[in-house]
Amino acid sequence: AQSVTQLGSHVSVSEGALVLLRCNYSSSVPPYLFWYVQYPNQGLQLLLKYTSAATLVKGINGFEAEFKKSETSFHLTKPSAHMSDAAEYFCAVSETGGGNKLTFGTGTQLKVEL
Amino acid sequence: NAGVTQTPKFQVLKTGQSMTLQCAQDMNHEYMSWYRQDPGMGLRLIHYSVGAGITDQGEVPNGYNVSRSTTEDFPLRLLSAAPSQTSVYFCASSYSESGALHFGNGTRLTVT
């Protein structure tokens, strides 16, 4: 069975500071990994995904994530936070051959302060 | 291009009532799914479909039914609403099993 753990339900950073949101996963087969962002009263939007190509994945809005198999991690980073990055972020995993059934983490609320 | 359209946006039900949440997509996606979002629990999969006529259960299917008679539509039926089904429901679709999910804007359901 697949699962996702997101460490830290709330993260606060200063504008211009590094953003690091942590995600660890478990999967019995090679995984697909995703980061989604949710703004208030909206559905989720894809930030980036890993599908067994390059281990460093670049997404939209300057975000990137690195797949580390040995650590079963897929942490999300952005070098310099912007006020518009304030949102909730979800890490998700699905399994190859699994029909795109995603298991989501419990989410991390990112706050960006001046 | 409308993407994934969910109706209604808001709904209040009394315990024991039934209703259908509608979901339609115009992207010719084979994969469709329903999730519920509850505070502190992320999104949990209710039912999913890999094509017209094919559905299966997700993590939390009890109390919900689905059918997929066309590629475009994937309605979610609540058979007898319970307060535990108070939640925000999202429908999503994707082109492939590794593809990005396209989400609707959600239906906020309250059961009293």
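Note that the structure is a prediction, hence the values are computed from the model and not measured.

**Let's talk about the interface of chain A and chain B**
Phase 1: Taken residue by residue, the interface counts 24 residues in chain A and 22 residues in chain B.
Phase 2: At the boundary of chain A with chain B, total buried surface from both sides reaches about 1,700 Å², with 53% on carbon and sulfur atoms.
Phase 3: Three residues, A:Asn100, A:Lys101 and A:Phe104, lead the burial of chain A against chain B; their summed loss comes to 30% of the area buried on that side.
Phase 4: Here chain A is connected to chain B by zero salt bridges.
Phase 5: Here chain A and chain B share nine residue pairs in polar contact (both at pLDDT 80 or more) between them.
Phase 6: Mapped onto the side of chain A that touches chain B, the elements with two or more residues apiece are strand E5 (31-38), strand E6 (44-50) and strand E10 (87-95) of chain A.
Phase 7: Here the side of chain A that touches chain B gets four residues from one element, more than from any other, and that element is E5(A).
Phase 8: Residues belonging to the side of chain A that touches chain B are distributed by class as follows: eight nonpolar, 13 polar and three charged.

**Points about the state of the cysteines**
Phase 1: Applying the stated criterion across every chain, the model contains two disulfides over all chains.
Phase 2: The partner cysteine of A:Cys23 in its disulfide is A:Cys91, sulfur to sulfur 1.9 Å. Looking along the S-S bond of the A:Cys23-A:Cys91 disulfide, the torsion reads about -60°, which is the left-handed sense. In this pair, A:Cys23 sits in the loop between strand E3 (19-21) and strand E4 (24-26) while A:Cys91 sits in strand E10, placing the two residues 68 residues apart along the sequence.
Phase 3: Judged by relative accessible area, A:Cys91 falls into the buried class, the value being 0%.
Phase 4: Bridging B:Cys23 to B:Cys91, the disulfide has an S-S length of 1.9 Å. Looking down the S-S bond of the B:Cys23 and B:Cys91 bridge, the torsion is -70°, so its handedness is left-handed. Residue B:Cys23 is found in strand E3 (residues 19-25), and its partner B:Cys91 is found in strand E9 (residues 87-94); the two are separated by 68 residues along the sequence. Considered together, B:Cys23 and B:Cys91 belong to a single accessibility category, that of buried residues.

**Looking at unusual backbone geometry**
Phase 1: Along the chain, B:Thr7 connects to B:Pro8 via a cis peptide bond; the corresponding omega equals -5°.
Phase 2: The topology assignment puts B:Pro8 in the loop between strand E1 (4-7) and strand E2 (10-13).
Phase 3: A positive phi angle is found at A:Asn61, which is not glycine, with a value near 60°.
Phase 4: Tracing the sequence through the fold places A:Asn61 in the loop between strand E7 (56-58) and strand E8 (64-68).
Phase 5: Assessed through its relative accessible area of 47%, A:Asn61 is described here as partly exposed.
Phase 6: Positive phi is not limited to glycine here, since A:Thr72 has a value of about 45°.

**Section: the side chain of B:Ser33**
Phase 1: Positionally, B:Ser33 belongs in strand E4 (residues 31-38).
Phase 2: Leave out the neighbours within four places in its chain, and B:Ser33 touches B:Leu45, B:His47, B:Tyr48, B:Phe74, B:Phe90, B:Cys91, B:Ala92 and B:Leu101.

**With respect to the packing of aromatic side chains**
Phase 1: Across all of its chains, the model carries 13 aromatic pairs over all chains by this definition.
Phase 2: With centroids separated by 5.5 Å and ring planes inclined at 45°, the aromatic side chains of A:Phe63 and A:Tyr89 adopt a geometry described as tilted. Taken together, the residues A:Phe63 in the loop between E7 and E8 and A:Tyr89 in strand E10 connect sequence positions 26 residues apart.
Phase 3: For A:Tyr89, a relative accessible area of 0% translates into the label buried.
Phase 4: Seen from their ring centres, A:Phe104 and B:Phe103 are 6.4 Å apart, and the 70° between their planes marks the pair as edge-to-face. With one member in each of two chains, A:Phe104 in strand E11 (residues 103-104) and B:Phe103 in strand E10 (residues 102-103) form a pair that bridges those chains.

So, how was this worked out
- Along each chain, residue indices are assigned from 1 in the same order as the chain's sequence is written.
- Chains and ligands are labelled sequentially in the order written, the chains with letters from A and the ligands with numbers from 1.
- Since the coordinates come from a predicted model, pLDDT governs what is reported: local features require at least 70, and pairs of side-chain atoms require 80 or more to be given and counted, while whole-chain, interface and lining totals use all residues.
- Side-chain numbers here rest on the full set of heavy atoms in the structure, without hydrogens or water.
- Whether two residues are in contact is decided by their heavy atoms, any of which lying within 4.5 Å being enough.
- A 1.4 Å probe defines the accessible area here, and the buried area is the portion of it lost by two parts on being joined, summed over both.
- Salt bridges are defined by distance alone: a side-chain nitrogen of Lys or Arg within 4 Å of a carboxyl oxygen of Asp or Glu.
- Polar contacts, as counted here, are pairs of nitrogen or oxygen atoms within 3.5 Å of one another; within protein the pair requires one atom able to donate a hydrogen and one able to accept it, and residues that are adjacent in sequence qualify only if both atoms are side-chain atoms.
- Helix and strand labels come from DSSP, where a helix needs a run of H or I of at least four residues and a strand needs a run of E of at least two; each type is numbered from the N terminus.
- Here the nonpolar group is Ala, Val, Leu, Ile, Met, Phe, Trp, Tyr, Cys and Pro; Asp, Glu, Lys and Arg are the charged ones; every other residue, Gly included, is treated as polar.
- By convention in this document, the label disulfide applies to cysteine sulfur atom pairs within 2.5 Å.
- Relative accessibility thresholds used throughout: buried, under 20% of the residue-type maximum; exposed, over 50%; partly exposed, between the two (1.4 Å probe, protein chains only).
- Planes of paired rings set the category: under 30 degrees apart is stacked, over 60 is edge-to-face and the rest tilted, where pairs are Phe, Tyr or Trp rings (Trp by its six-membered ring) whose centres lie within 6.5 Å.

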